[in-house]
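Residues per chain, in single letters:
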Amino acid sequence: MTWLVTGGAGYIGSHVVAAMRAAGEDVVVLDDLSSGVRERVGDVPLVPADVADGETVVRTVHEHGVRGVVHLAARKQVEESVRQPLRYYRENVEGLRALLEAVTGAGVTRFVFSSSAAVYGAPDVDLVDEGTACLPVNPYGRTKLIGEQMLADVAPATGLRYAALRYFNVAGAADPALADRGTANLVPLVFRQLVARRPPQVFGDDYDTPDGTCVRDFVHVADVASAHVAAAAALVEGRIEALTANIGRGDGVSVREVVETIRRVTGTADQPWSEPVVAPRRAGDPARVVASAELIRRELGWTAVHGIEEMVASAWEGWQAQAALTV
Ligand code: WQD
């Protein structure tokens, strides 16, 4: 079966493309290359277009015999969404609306949607399950929750079957060439500091957590990709009609633990300048956001298999490979 993967030239998207092809699926990528990189796509057909370009989407669906869509193309930086909310509503909400109109009109009946733990906002629970109240605290999280609600409305009206996957903190790389090139999240930001021989910054160490720093659920991008393969197969086989599920490990790791792992993996732990410094809290950061991944285990038989050490080591290998590319 042929799948259209939007955002397939991006960090997570390129891992999803590789995993779906390895599972024997045919894939075509639609990506506006605003942040995606053509090289990540390899020999997969790439349509350089915006998801809101309905004419191109419909033509692509017909030309390639697309029967399913995996939609990852979106803006995903929390702080950027606070500064540019209308951009996020345009790209993440209007983009999804236009894409759904085009693909359902062209006969597509399966849809995998990239959602986020950001829909929960600042949950005050030990483990976040899919019944936890969705109270997003930033425009990014709100656009993802609206996307889920849009799917819930469109599915019964069009016969669409879908899976909405709520990613927690994605890190690592299955291939150095596919590593995250951004610096929007903890792991690459710490790499950037250490490469410049500057101390990593820890945004607050006075949270109500074991070591005072925030706790997150880090999940390897290879595991995130395998969850997409499992969801796609379940949609095709009719084992699911409408699934909204967390993608996490269920194991909280603190910011300080991640920083110490990075110092060890990068071989800088014995350098005094690599000692993290405590900076002021970052607005909107919840103390703890850790997933229960019980629902996806039960529905799809999926569990994450990679730990934080592998995430950091593979991300560092990718970072070094890109540094070699750029110098
Ligand atoms: C993690 C923790 C920071 C940098 C994001 C977004 C969204 C979602 C999940 C996809 C926080 C701390 C960070 C630094 C630090 N992904 N930090 N020093 O905010 O948990 O969630 O990822 O939908 O992209 O919601 O991720 O990596 O920005 O921060 O102390 O230099 O690391 O305060 O506690 P976050 P993050």
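The rules we used
- Residues numbered from 1 in each chain as written.
- Predicted model: local features only at pLDDT ≥ 70, side-chain atom pairs only at ≥ 80, totals over all residues.
- Heavy atoms only, no water.
- UniProt positions renumbered as here; feature names shortened; annotations may be inferred.
- Near = heavy atom within 4 Å.
- Polar contact = N/O pair within 3.5 Å; in protein donor to acceptor, adjacent residues only side chain to side chain.
- Areas by Shrake-Rupley, 256 points an atom, 1.4 Å probe, with all protein chains shown as cover.
- Helix = DSSP H or I, 4+ residues; strand = E, 2+ residues; numbered from the N terminus.
- Nonpolar A, V, L, I, M, F, W, Y, C, P; charged D, E, K, R; others polar.
- Domains from an automatic or database assignment.
- pLDDT = per-residue confidence, 0-100.
- Pairing = 2+ DSSP bridges.
- Core = buried A, V, L, I, M, F, W, Y, C linked by side-chain atoms within 4.5 Å.
- Buried < 20%, exposed > 50% of the residue type's maximum accessible area, 1.4 Å probe, protein only.
- Expected span 1.5 Å × (residues − 1).
- Axes fitted to C-alpha atoms, helices over the stretch in contact; angles between N-to-C directions.
- Parallel < 35°, antiparallel > 145°, perpendicular 65-115°, else oblique.
- Left-handed = near helix turned anticlockwise from the far one by under 90°.
- Contact = heavy atoms within 4.5 Å.
- Right-handed = clockwise from strand over helix to strand, strands pointing away.
- Salt bridge = Lys/Arg side-chain N within 4 Å of Asp/Glu carboxyl O.
- Buried area = accessible area lost by both parts, 1.4 Å probe.

As recorded in an unreviewed UniProt entry, the chain goes by the name UDP-glucose 4-epimerase, listed as coming from Geodermatophilus siccatus. UniProt, in its Pathway (unreviewed entry) section for the chain, records the words "Carbohydrate metabolism; galactose metabolism." Per its UniProt entry, the chain bears the Cofactor (unreviewed entry) comment "NAD(+)".

Asks: How should I be thinking about the site of the ligand in this particular structure?
Replies: Surrounding the ligand, one finds 18 residues, the nearest of these being Tyr 140, Gln 201, Arg 216, Arg 282 and Asp 285. Contacts to the ligand include Tyr 140, whose side-chain N or O atom sits 2.4 Å from an oxygen atom. Gln 201 is positioned such that a nitrogen or oxygen atom in its backbone is 2.8 Å from a nitrogen atom of the ligand. Taking 690 Å² as the accessible area of the ligand by itself, protein coverage stands at 91%. Among the elements of the structure, helix H6 (186–195) and strand E8 (201–203) are those that each provide at least two residues to the shell around the ligand. It is E8 that contributes the most residues to the shell around the ligand, three residues altogether. In terms of residue class, the shell around the ligand is made up of 10 nonpolar, four polar and four charged. If you count residues domain by domain, the shell around the ligand takes at least three from each of domain 1 (2–170 + 219–247) and domain 2 (176–216 + 250–291 + 298–325).

Asks: Mind showing me how you'd approach the confidence of the model for the chain here?
Replies: Predicted coordinates in regions of low pLDDT should not be interpreted in detail. In the predicted model, the chain carries a mean pLDDT of 96, and 99% of its residues have values of at least 70. Across the assembled chains, the prediction reports ipTM 0.96 with pTM 0.96.

Asks: Looking at this model, I keep getting lost on the sheet that holds strand E9 (residues 215–216). Mind explaining?
Replies: Strand pairing in a sheet relies on backbone hydrogen bonds. The paired strands run either parallel or antiparallel. Strand order across the open sheet formed by three strands is E12-E9-E14, with mixed pairing between neighbours. Every interior strand has two partners, whereas the edge strands, strand E12 (253–254) and strand E14 (288–289), have only one. Pairing analysis gives two bridges linking E9 to E12, with the strands arranged antiparallel. Within E12, the position partnered with Arg 216 by the bridge is Val 253.

Asks: In this structure, what is going on with the nonpolar core? I would like to understand it.
Replies: For soluble globular proteins, the rule of thumb is that nonpolar side chains tend to be buried together. Formed by 39 residues in total, the largest nonpolar core has its most connected members in Ile 12, Ile 247 and Leu 300. At the level of secondary structure, the elements contributing two or more residues to this core comprise strand E1 (2–6), helix H1 (11–22), strand E2 (26–30), strand E6 (161–167), helix H7 (221–236), strand E11 (242–247) and helix H9 (294–300). Top element by residues in this core is H7. It accounts for nine residues.

Asks: What is the right way to read H7 from this model?
Replies: The periodicity of an α-helix, 3.6 residues per turn, causes residues three or four positions apart to be oriented the same way. Its 16 residues give H7 an end-to-end C-alpha distance of 23 Å, which sits within 8% of 22 Å, the value for a rise of 1.5 Å per residue. Just beyond H7, the residue with positive phi is Gly 238, at close to 75°.

Asks: Sorry if this is basic, but what is going on with the packing of H1 against H7 here?
Replies: When two helices pack together, their arrangement is captured by the angle between the axes and the distance separating the axes. Between H1 and H7, the least distance of the axes is 8 Å, while the angle of their chain directions is 55°. In terms of axis orientation, H1 runs oblique to H7. For H1 against H7, the interelement crossing comes out right-handed. Across the interface between the two elements, Tyr 11, Ile 12, His 15, Val 16, Ala 19 and Met 20 from H1 touch Val 221, Val 224, Ala 225, His 228, Val 229 and Ala 232 from H7. Of the residues belonging to the contact of H1 with H7, the class tally is 10 nonpolar, two polar and no charged.

Asks: Whenever I open this one, the UniProt feature "domain: NAD-dependent epimerase/dehydratase" (unreviewed entry) in the chain confuses me. Can you help?
Replies: Using the residue numbers shown here, the UniProt feature "domain: NAD-dependent epimerase/dehydratase" (unreviewed entry) corresponds to residues 3–239. Taken as a whole, residues 3–239 contains 41% helix and 18% strand, while its terminal C-alpha atoms sit 18 Å from one another.

Asks: When you look at the pairing of E6 in this model, what are you seeing that I'm missing?
Replies: Along any regular strand the residues' side chains alternate between the sheet's two faces. Taken across its seven residues, E6 has six buried, putting it largely inside the fold. In terms of strand pairing, strand E5 (residues 110–116) meets E6 through seven bridges, oriented parallel. Of the residues in E6, the one forming a bridge with Val 112 is Ala 163. For the segment spanning E5, helix H5 (residues 139–158) and E6, crossover handedness is right-handed.

Asks: Help me understand the pattern of salt bridges in this model?
Replies: When charged atoms on two side chains of opposite charge get close, those side chains can pair. Considering all chains together, one arrives at 20 salt bridges under this definition. Residue Arg 282 is joined to Asp 285 by a salt bridge in which the shortest nitrogen-to-oxygen separation is 3.0 Å. Owing to a relative accessible area of 31%, Arg 282 belongs among the partly exposed residues under this scheme. With a relative accessible area of 17%, Asp 285 lands in the buried category.

Asks: Explain the domain arrangement of the chain to me, please; I cannot follow it from the model alone.
Replies: Partitioning the chain into domains gives domain 1 (2–170 + 219–247) and domain 2 (176–216 + 250–291 + 298–325). Using only C-alpha atoms to locate each centre, domain 1 and domain 2 end up separated by 25 Å. On the side of domain 2, 26 residues touch domain 1, which itself brings 33 residues to the contact. With both sides pooled, the region where domain 1 packs onto domain 2 buries about 2300 Å², and carbon together with sulfur makes up 63% of that total. Three residues, Arg 40, His 220 and Asp 223, lead the burial of domain 1 against domain 2; their summed loss comes to 23% of the area buried on that side. Taken together, the connections running from domain 1 to domain 2 amount to one salt bridge.

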